[in-house]
Each structure stands twice: as C-alpha cells, then as structure tokens.
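Each chain is listed here by its residues.
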Amino acid sequence: EAQVTQNPRYLITVTGKKLTVTCSQNMNHEYMSWYRQDPGLGLRQIYYSMNVEVTDKGDVPEGYKVSRKEKRNFPLILESPSPNQTSLYFCASKADRRNSPLHFGNGTRLTVT
Amino acid sequence: GNSVTQMEGPVTLSEEAFLTINCTYTATGYPSLFWYVQYPGEGLQLLLKATKADDKGSNKGFEATYRKETTSFHLEKGSVQVSDSAVYFCALTLSSNTGKLIFGQGTTLQVKP
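Chemist: Explanation requested: the side chain of Lys-94 of chain A in the structure shown.
Modeler: By the secondary structure assignment, Lys-94 of chain A is in strand 9 (residues 87–94). With sequence-adjacent residues up to four places away left out, Lys-94 of chain A is seen in contact with His-29, Glu-30, Tyr-31, Ser-100, Pro-101 and Leu-102 of chain A together with Thr-93 and Gly-99 of chain B.

Chemist: Mind showing me how you'd approach the pairing of strand 4 (residues 23–26) of chain B here?
Modeler: Residues and elements named next belong to chain B. Of the two faces of strand 4, only one is covered, namely that formed by Cys-23 and Tyr-25; the face formed by Thr-24 and Thr-26 stays uncovered. Alignment of strand 1 (residues 3–6) against strand 4, held across 4 bridges, turns out to be antiparallel. Along strand 4, the bridge assignment pairs Ser-3 with Thr-26.

Chemist: Whenever I open this one, the interface of chain B and chain A confuses me. Can you help?
Modeler: Often, the extent of an interface is quoted as the loss of accessible area on bringing the components together. With 22 residues of chain B at the contact, the number on the chain A side is 24 residues. Summed over the shared surface of chain B and chain A, the result is 1 salt bridge. The shortest N-O distance in the salt bridge between Asp-59 of chain A and Lys-100 of chain B comes to 2.9 Å. Taken together, the connections running from chain B to chain A amount to 6 residue pairs in polar contact (both at pLDDT 80 or more). If you list the elements that add at least two residues to the side of chain B that touches chain A, you get strand 5 (31–38), strand 6 (44–50) and strand 10 (86–94) of chain B.

Chemist: Explain the sheet that holds strand 3 (residues 19–21) of chain B here, please?
Modeler: Strand pairing within a sheet occurs via backbone hydrogen bonds; the two strands may be parallel or antiparallel. Residue and element names in this part refer to chain B. Ordered in space as 3-9-8-7, the 4 strands form an open sheet in which the pairing is antiparallel. Strands with a single pairing partner mark the edges of an open sheet, and in this sheet they are strand 3 and strand 7 (56–59). Within the sheet, the average angular offset between the axes of one strand and its neighbour, ignoring direction, is 15 degrees. Taken together, the 4 bridges between strand 7 and strand 8 (residues 62–65) define a ladder with antiparallel strand orientation. Bridging across to strand 8, Gly-57 finds its partner in Ala-64.

Chemist: In this structure, what is going on with the sheet that holds strand 3 (residues 19–25) of chain A? I would like to understand it.
Modeler: All names here are of chain A. Pairing is antiparallel in the open sheet, where 4 strands are placed in the order 1-3-8-7. In the strand order of this sheet, the two ends are held by strand 1 (4–7) and strand 7 (65–66), each with one partner. The pairing of strand 1 with strand 3 spans 4 bridges and is antiparallel. Looking at strand 3, one finds that Gln-6 is bridged to Cys-23.

Chemist: Would you mind going over the layout of surface pockets with me for this structure?
Modeler: Where empty space is left in the structure can be found by rolling a water-sized probe over the atoms. By volume, the largest pocket is sized at about 580 Å³. Around the largest pocket, the lining is made up of 34 residues, and of these Gln-37, Leu-88 and Arg-109 of chain A together with Gln-38 and Val-87 of chain B lie nearest the centre. Among the secondary structure elements, those contributing two or more residues to the lining of the largest pocket are strand 4 (31–38), strand 9 and strand 11 (108–112) of chain A together with strand 10 and strand 12 (107–112) of chain B. Among the elements that make up the lining of the largest pocket, the one with the highest residue count is strand 11 of chain A (4 residues). A class-by-class count of the residues in the lining of the largest pocket yields 12 nonpolar, 17 polar and 5 charged. Space inside the second largest pocket adds up to approximately 350 Å³. Among the secondary structure elements, those contributing two or more residues to the lining of the second largest pocket are strand 1 and strand 10 (103–104) of chain A together with strand 6 of chain B. Of the residues belonging to the lining of the second largest pocket, the class tally is 7 nonpolar, 8 polar and 3 charged.

Chemist: Before we go on, may I ask you to explain the packing of aromatic side chains in this structure?
Modeler: Two measures describe an aromatic ring pair: the distance that separates the ring centres and the angle between the ring planes. Summed over the entire model, instances satisfying the criterion amount to 12 aromatic pairs over all chains. On the basis of an interplanar angle of 50 degrees and a centroid distance of 6.2 Å, the ring pair of Tyr-35 of chain A and Phe-104 of chain A is categorised as tilted. Of the two residues, Tyr-35 of chain A sits in strand 4 while Phe-104 of chain A sits in strand 10, which places them 69 residues apart along the sequence. Here the two residues Tyr-35 of chain A and Phe-104 of chain A agree in accessibility, since each one is buried. Measuring from ring centre to ring centre gives 6.2 Å for Phe-104 of chain A and Phe-103 of chain B, while their planes differ by 70 degrees; the resulting arrangement is edge-to-face. Of this pair, Phe-104 of chain A sits in strand 10 while Phe-103 of chain B sits in strand 11 (residues 102–103), each in a different chain.

Rules behind the numbers
Residues numbered from 1 in each chain as written. Chains lettered and ligands numbered in written order. Predicted model: local features only at pLDDT ≥ 70, side-chain atom pairs only at ≥ 80, totals over all residues. Heavy atoms only, no water. Helix = DSSP H or I, 4+ residues; strand = E, 2+ residues; numbered from the N terminus. Contact = heavy atoms within 4.5 Å. Buried < 20%, exposed > 50% of the residue type's maximum accessible area, 1.4 Å probe, protein only. Pairing = 2+ DSSP bridges. Salt bridge = Lys/Arg side-chain N within 4 Å of Asp/Glu carboxyl O. Polar contact = N/O pair within 3.5 Å; in protein donor to acceptor, adjacent residues only side chain to side chain. Axes fitted to C-alpha atoms, helices over the stretch in contact; angles between N-to-C directions. 1 Å grid on protein atoms, 1.4 Å probe; cavity = no way out; pocket = protein on both sides within 12 Å on 5 of 7 lines; lining within 4 Å. Points joined across faces, edges and corners; volume = space filled by probe spheres on them. Nonpolar A, V, L, I, M, F, W, Y, C, P; charged D, E, K, R; others polar. Phe/Tyr/Trp six-rings, centres within 6.5 Å; stacked < 30°, edge-to-face > 60°.

Structure follows, in structure tokens:
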C-alpha cells in the first residue's frame, strides 16, 4: 500500500531535550515536506526537499533541522525543543513539484513542556 | 504574496443539506487549486483538484470550479452525510515555485443526523 509513515504518533517531551520525528514514504517520490498545523493558522511549511541531499527552508524553519540522505526518508529534528513547538506535525510527499497532489502521513502530535 | 482565504467555521448542517464552503485566493501566475479533507485523527487526503481556469474538480459528490475572474474555488455538495464531518482545506500551488502547497486555515464541517 502506498503510504507516508510517521513515527511516533504522539510525543511528550521537555524543553531542550533533542528529538527526532521519522518520516518514510514507499512511493519513490522525489519531493518531501514537513508541515505544522496550528489552530486558526492552517498548515505551514517547515522544510522541504526536492531530492536526495537537497533541502530548503519553508515558511517557519526556525528551531528545526532536516536531512535527506535517502530518497524514502526525511526525518525532522528538533535540537532543543521549546513550548512554542507544541503542534501537530505532518510529513508529506509527492511525485514532482508541479500539479501532483501531496500524500500525507497521519501526523505526530508533539507536546513540549 | 500568495495566499488562500476560507470561510470561517465551524459549519453545522443537518444531514442531506446543501454545502458550500467558500475559498478565494491571491496568486501571482497561474495556480493549481486543491481541496483536501482531514478526518479526525488522520492526515490530509486529496479530495479534488483543478489545474486551470473553468476546470471543475469532483469526487465523492463534492465539486469545485476554478473561477479565475473571481479568484475563487468554492466547495459544494448537494446532500451532505454525517460521514462528511471533517476539516476541509483549500490550497494552491504554483508550478513556478518550489512545489509548496499554500493552505487556507481550514473549515470544520459538522453534519448532524
């Protein structure tokens, strides 16, 4: 089954404790992206990647890192999480950068205390 | 800049009522337009799309027409069901950009029996 898999689904952590949210897709998509969803703000792009070893900042990249060492994986790294990073995070992928639809994972709900 | 504006929610309807969720956009160039749906606890799923002016996207009884003259892409359904209760997101992408989807803030639909 074609899918985007994120882990974990739920994560509670404390300020400053490094964490990684994993994302993997099995559709051989070149394009991958991370979004955060906050009430009243919709989804905002954090980082994206056009292909292996190619990443770039989205609209809200501060406090986040990503890497794209393999085509299928695109982990999101929070080196020193803060409470304002409490949010619902989605990984997504698509075949190319034109009109293809994004395929989303089921989300990771992160709480930073 | 490029942006998407959706009508405020929540929208509460009785089963079999007619649904309209308004969406307008601002974009430089010629965007492709999308509606995504998010069911509770899940990621976003593509509902329908339109890639050029006057195109009509349709799926599962939902329709939306790309209106360039009014920069709108309103979502409609003739008879909603309880199972349509979800959050609906309007979004655009520009082929000239990085492939980023720009989302509206989302509209919650609740359908009562």
